[in-house]
Amino acid sequence: MPDRDLRVVKDIHRGEPYEIDVDGARVPAYEGETIAAVLIAAGHRVFRRTAKFNEPRSGYCGMGICFDCLVVADGEIVRACMTPVSRDLRVRTLIGHGGPAELR
Amino acid sequence: MTRAELVIVGAGPAGMAAALEAAEAGIRPMVLDENLQPGGQIYRQLPPRFVVSDAQSQGKDALEGKALIRRFLEAPIEYRPGTLVWGVFGDKQLGIVDGKTVEYVQAECVIIAAGAYDRPMPIPGWTLPGVFSAGGAQLFIKSQRVLPGRRVLVAGTGPLLLVVATHFLAAGVESLTLCELSCMRRLWRYTGKVWGHWGLLWDGWRYLSRIRRAGVRLMTGHVVTQIFGQDQVEEAAIAPVDEEGRVRSDRKGLVAVDAVCLGYGLLPSTELTRLYGCRHNFSESQLAWVPACDSKMETSIPGVFVAGDCAGVAGVYTAREEGRIAALAAAQQLGRLSAAECQRRMDSIHARLRRLRRFCAALDDIYPPARRLVDLTTDETIICRCEEVRAQAIWSAIADGAGTPTEIKMWTGAGMGRCQGRMCGPHLGLMLARGTGLLEPAQGHLSVRPPLKPIELGTLAQRII
Amino acid sequence: MKTADVIVIGAGVIGCNAAYQLAKRGMKVLLLDRAGAPGGTSGTTAGHVTVQQRAAGAFRDLTMTSFALMKELAKELDTDFEYIQTGGLIVAENETERELLKQFVAIQSAHLPMSFLEAQELRAAEPFLSETLVGASFCPLDGYLNPMLLCRALCRGIIRQGGTVRLKTVVTGIVCDQGVAVGVATSEGQLSSQDVVLAAGVWTPDLAATVGFDLPIIARKGQLLVTEPVGRMLNSLVHHAVTIPFAAIGIPTPEDFSNPMAHRRHLRYMKQARSGIFAGRVYIGSTSEFCGFDRAATPEALSTLAHYATEIVPALARVRLLRAWAGLRPRSKDGKFKVGRVPGVPHLYVATGHDSAGVLYSAVTGMYLAQTIAGEQPLADLSMFAPVAGTQSDVRKN
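Calculation criteria
- Residues numbered from 1 in each chain as written.
- Chains lettered and ligands numbered in written order.
- Predicted model: local features only at pLDDT ≥ 70, side-chain atom pairs only at ≥ 80, totals over all residues.
- Helix = DSSP H or I, 4+ residues; strand = E, 2+ residues; numbered from the N terminus.
- Rg over C-alpha atoms; globule rule 2.2 N^0.38 Å.
- Buried ≥ 20, exposed ≤ 12 C-beta atoms within 10 Å, placed from the backbone.
- pLDDT = per-residue confidence, 0-100.
- Core = buried A, V, L, I, M, F, W, Y, C linked by C-beta atoms within 7 Å.
- Contact = placed C-beta atoms within 7 Å.
- Pairing = 2+ DSSP bridges.
- Axes fitted to C-alpha atoms, helices over the stretch in contact; angles between N-to-C directions.
- Left-handed = near helix turned anticlockwise from the far one by under 90°.
- Nonpolar A, V, L, I, M, F, W, Y, C, P; charged D, E, K, R; others polar.
- Domains from an automatic or database assignment.
- Parallel < 35°, antiparallel > 145°, perpendicular 65-115°, else oblique.
- Expected span 1.5 Å × (residues − 1).

### So, the overall build of chain C
In step 1: A count of helices and strands for chain C gives 10 helices and 18 strands.
In step 2: Here the C-alpha radius of gyration of chain C, 21 Å, is about what a compact globule of 398 residues would show, namely 21 Å.
In step 3: Viewed in the frame of its principal axes, chain C has a C-alpha envelope of about 70 × 40 × 40 Å.
In step 4: Relative to its 398 residues, chain C shows a buried fraction of 54%.

### Quick notes on the confidence of the model for chain A
Should the pLDDT be low somewhere, the predicted coordinates at that spot are not to be read in detail.
In step 1: Of the residues in chain A, 92% reach a pLDDT of 70 or more, and the chain-wide mean stands at 91.
In step 2: Confidence, expressed as mean pLDDT per element, reaches its minimum in chain A at strand E1 (residues 12-13) of chain A with 90 and its maximum at strand E5 (residues 56-57) of chain A with 98.

### Thoughts on the environment of Arg358(B)
In step 1: Tracing the sequence through the fold places Arg358(B) in helix H10 (residues 339-366).
In step 2: Considered as a pair, Arg358(B) and Arg390(B) are 32 residues apart in the sequence and their alpha carbons are 39 Å apart.

### Some details on unusual backbone geometry
In step 1: Following Pro450(B), the chain continues to Pro451(B) via a peptide bond in cis, the omega torsion being 0 degrees.
In step 2: In this fold, Pro451(B) is placed in the loop between helix H14 (440-443) and strand E23 (455-456).
In step 3: Cis peptide bonds are those with omega within 30 degrees of zero, and the linkage from Gly285(C) to Ser286(C) qualifies with -10 degrees.
In step 4: Backbone geometry at Lys168(C) places phi at a positive 55 degrees, although glycine is not the residue there.
In step 5: Its 15 C-beta neighbours within 10 Å are what place Lys168(C) among the partly exposed residues.

### Considerations on the nonpolar core
In step 1: Ranked by internal contacts, the top residues of the largest apolar core, which has 311 residues, are Ile111(B) and Val260(B).
In step 2: The leading source of residues in this core is helix H10 (residues 358-374) of chain C, at 10 residues.
In step 3: Setting aside anything within four residues of it in sequence, one finds Ile111(B) in contact with Leu6(B), Ile8(B), Ala18(B), Phe305(B), Ala307(B), Ala326(B), Ala327(B) and Ala330(B).

### Quick word on the interface of chain A and chain B
In step 1: With 36 residues of chain A at the contact, the number on the chain B side is 41 residues.
In step 2: Of all the elements in the fold, those that place two or more residues in the side of chain A that touches chain B are E1, helix H1 (35-41) and E5 of chain A.
In step 3: A total of three residues in the side of chain A that touches chain B trace back to one element, the largest contributor, which is H1(A).
In step 4: Sheet topology places E1(A) next to strand E3 (residues 51-52) of chain B; two bridges connect them, and they run antiparallel. Across the sheet, His13(A) pairs through a bridge with Val51(B), a residue of E3(B).

### Quick notes on the packing of helix H3 (residues 134-144) of chain B against helix H4 (residues 159-171) of chain B
Residues and elements named next belong to chain B.
In step 1: Closest axis-to-axis distance for the H3/H4 pair is 10 Å, and the angle between their directions is 30 degrees. Considering how the two elements wind past one another, H3 and H4 form a crossing that is left-handed. Side by side, H3 and H4 meet where Ala134, Ala137, Gln138, Ile141 and Lys142 of the first sit next to Leu160, Leu161, Val164, His167, Phe168 and Ala171 of the second.
In step 2: Residues belonging to the contact of H3 with H4 are distributed by class as follows: eight nonpolar, two polar and one charged.

### Brief notes about the domain arrangement of chain C
All names here are of chain C.
In step 1: Under the domain assignment, chain C is made up of domain 1 (4-44 + 148-215 + 334-385) and domain 2 (88-140 + 219-331).
In step 2: Taking the mean C-alpha position of each, domain 1 and domain 2 sit 31 Å from one another.
In step 3: When its residues are assigned to classes, the side of domain 1 that touches domain 2 shows one nonpolar, eight polar and one charged.

### Quick word on the packing of helix H11 (residues 391-399) of chain B against helix H13 (residues 425-436) of chain B
Residue and element names in this part refer to chain B.
In step 1: Contact geometry of H11 with H13 gives a least axis separation of 10 Å together with a crossing angle of 45 degrees. Looking at the two axes, H11 sits oblique to H13. Like other packed secondary-structure pairs, H11 and H13 cross with a definite hand, here right-handed. The residues of H13 that touch H11, namely those facing Ile394, Trp395 and Ile398, are Leu428, Met431, Leu432, Gly435 and Thr436.
In step 2: Within the contact of H11 with H13, the residues separate by chemical class into six nonpolar, two polar and no charged.

### Some points on the environment of Ala134(B)
All names here are of chain B.
In step 1: The topology assignment puts Ala134 in helix H3.
In step 2: With 28 C-beta atoms packed within 10 Å, Ala134 lands in the buried category.
In step 3: When the C-alpha atoms of Ala134 and Val154 are compared, they prove to be 7.2 Å apart, with 20 residues separating the residues in sequence.
In step 4: With residues near it in sequence (within four places) discarded, Ala134 still touches Asp118, Val154, Gly156, Leu160, Leu161, Val164, Cys261, Leu262 and Gly263.

### Here we look at helix H9 (residues 299-312) of chain C
Residues and elements named next belong to chain C.
In step 1: End to end, H9 covers 20 Å across 14 residues, agreeing with the expected 20 Å (1.5 Å per residue, within 8%).
In step 2: Within H9, 10 of the 14 residues are buried, which leaves it mostly tucked inside the rest of the structure.
In step 3: Listed as buried for H9 are Pro299, Ala301, Leu302, Thr304, Leu305, Ala306, Tyr308, Ala309, Thr310 and Ile312.

### A word on the interface of chain B and chain C
A common way to express how large an interface is: the accessible area buried when the components associate.
In step 1: Tallying the contact residues gives 27 residues for chain B and 33 residues for chain C.
In step 2: It is helix H12 (residues 405-412) of chain B that contributes the most residues to the side of chain B that touches chain C, five residues altogether.
In step 3: Its residues placed into classes, the side of chain B that touches chain C shows 14 nonpolar, seven polar and six charged.
In step 4: Both E23(B) and strand E16 (residues 320-332) of chain C contribute to a ladder of two bridges, which runs antiparallel. Its bridge partner being in E16(C), Ile455(B) is matched across the sheet by Leu321(C).

### Looking at the confidence of the model for chain C
Residue and element names in this part refer to chain C.
In step 1: For chain C, the average pLDDT comes to 92, and 96% of its residues sit at 70 or higher.
In step 2: Of the regions scoring below 50 in pLDDT, residues 392-398 engages in 21 contacts with residues more than four places distant in sequence or in other chains.
In step 3: Interface predicted TM-score (ipTM) for the complex: 0.95; the corresponding pTM is 0.93.

### Some words on the sheet that holds strand E13 (residues 222-228) of chain B
Residue and element names in this part refer to chain B.
In step 1: Spatially, the three strands line up as an open sheet ordered E13-E14-E15, and their pairing is antiparallel. At either margin of the open sheet sits one strand with a lone partner, and together these are E13 and strand E15 (253-256). The sheet shows a mean angle of 30 degrees between the axes of neighbouring strands, direction not considered.
In step 2: Summarising the sheet, strand E14 (residues 235-240) and E15 pair through four bridges and their orientation is antiparallel. For Ala237, the partnering residue across the bridge sits in E15 and is Leu254.

So, in structure tokens, the structure goes:
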């Protein structure tokens, strides 16, 4: 794991390792991790940019109630903290409300 | 339409304890939980494929949680994970959704064990990536084994701050600053109230010792006033608070951090009880709306019970006992227990609950949530995160005559986002109280409409009645 | 010493408009509402301001007058109420409807800017609309506003003009002296005035009954859905062919013309808010139910409206519902809203029954009432909408 990876290594064995695609870059992930955990571990801080003021947002509550951690995963807008990763999942930063590409 | 004698909403400690008690009374309850695994927040489990090398290192809560979960999963109950309760229709017809399928369940009795969530504390910069609620940070560490950052500030008030700090220490961080609002003098003054609750006092002492030994910078009587950064957290400003609770901004200092965890206590999750139309009271000591219920945990709506933190934040042990009370009361209503037998089983639980509640009330005194916290909000601070409504717009609506949270919602859009006002509702109440002098009981609470969380139209469309 | 010159009961779009126009004319106005905020039913509606479907005649003239007044208000009031003319589409789902729409456009073009869109043109203008739609009429004048903000803006205007808005005040009845209205009774005592205006929507009949007047208005519940904000999917308002009063326009409909009751298309519409605080959200309406004052969302309506939405805009299947709610529209039993003096009770006026055209006619209704009370020549002739003395119980003398 890279030096900056924020995963805790002490006393824990993770599930199967994979890679997911985040805005075109390959990012390491483990089976069972949520998209939010993978992004935070990789130092990918900005999950989305808001519609009105184009401000950066990420996870806040960690339990699926604040809806700030929205990302586009395989074309669908989801809560990153409530969505487990899958092999080769395509994750994109959500810009504003999203565009037609996310809807088709 | 599916029918169920007893539906329990939430598979955290209260929901699981209720389910086990109901099963013992011969009921097969339907337990619905949005998460994919049971445990709620405090007993949140690691993903299935993760293995801990040293089970004992996980801590008391985790071990107790595992034991309860094991019993829960082996019990003769209908447990439906990944299932959200989003609506209530008629008397006890619950709208639920499980992935891509909507279903309606007609229940005879309902126990709502929806838990609690971190009180949102809007300060300038709180929406920056790298800012988490204390509970959120803890979840990432506990149940995903990911650190929110390496140079961390944990700020707020309450015993949970100590817990979160020790999780960070155990996981390994470069630096940790702990910023507690209550000053040391106040903390000592109230220690007498918790004298006698030896088990819980010992836990508190252990956490504090661990923190002190680890060289954590512990600042009492201080509050974080602003968070800075371009696209993520880079710095935070901390200032002392005087005896009257006023922030001394003239004496603030900056700390370089990459994560800030805000912990200002917990709020009961009352979306479902409010949607249901249960009567709620505003607790000044908890500064939160709480569903009114009797000693059997029954709300103002017959056959609808509450248990656990959603009935008033009081910790995991209280939650488990309340779950049992609610299940016994439901069992009696469903004719499974005689009134006498129900009372007999409840008596010993009630005795335990009385002790637990005394301790919690004491904690409320030591760590009172303060109305003054609204002073930390500047005009530019985002109050409604979903709709990006700044404090200025809300003060303007209040000046215009808005006297209820719902009015503010209609005029500014605050509370109209995906989170249904969970993040901004409580603060709207504080701002209204400050601006109009009317406290929450006179304001009423934010209106709730179905669905409690957004549901795909395609999913709803499938179900044509 | 009277409390006010005019007391207006009901701070919805009708009451707020009336109170504002009265205040502008120098009258001491008191606007009352039992809720903690202005809006009432108005706040639960989609806020449509449309002209396209109106047949030439009284309703169209009123619509155009109301249009012009709405635009003046947008300039005059100091708070934005997000009025936007996005243009409106009326869509055809089969050949019969398509042919009828073509004739409709031909006739309406004489008075309004209109165009007919063939299927390909419709697809180009609105790529997210279902391919099952075979054509549409389009009028650039149609649009909508935010009714909550309109009420708020009007209330600010009322106060600026020297009037008073008192919320959380329950009016329990009209006070009369020898058969003449002299004020109202509230939960906090009596208030006196020269004139009283009843603009309380579905709650008006109860108030009218306190003076023995039977107002034939019933509550029609309409449920609506609104989605989470999403990227742009719809540019214009969308209505359906069966909402057009073809007979009134002089277009005969064939025997096999779709029976609106079968699929309720006459009740359905969609739009996506272009700007303002609700930007990006798609609104889907509506149902029509008669169940008294109940305003609960129902599972049937949720699935029916969701299904309708995905039929017309298939991509909506993946968009999430954010809120479902309902409003009670005041429907007049004879189809004509009631505005004017209450027969037999001098100084008492009523203004309600606009059904789903409340926002549309609010400006002209408010202006008409204000001019009537102030003794001015009204800008529009609303005599056909005057309430009529029907079966009356004993007029109470308070």
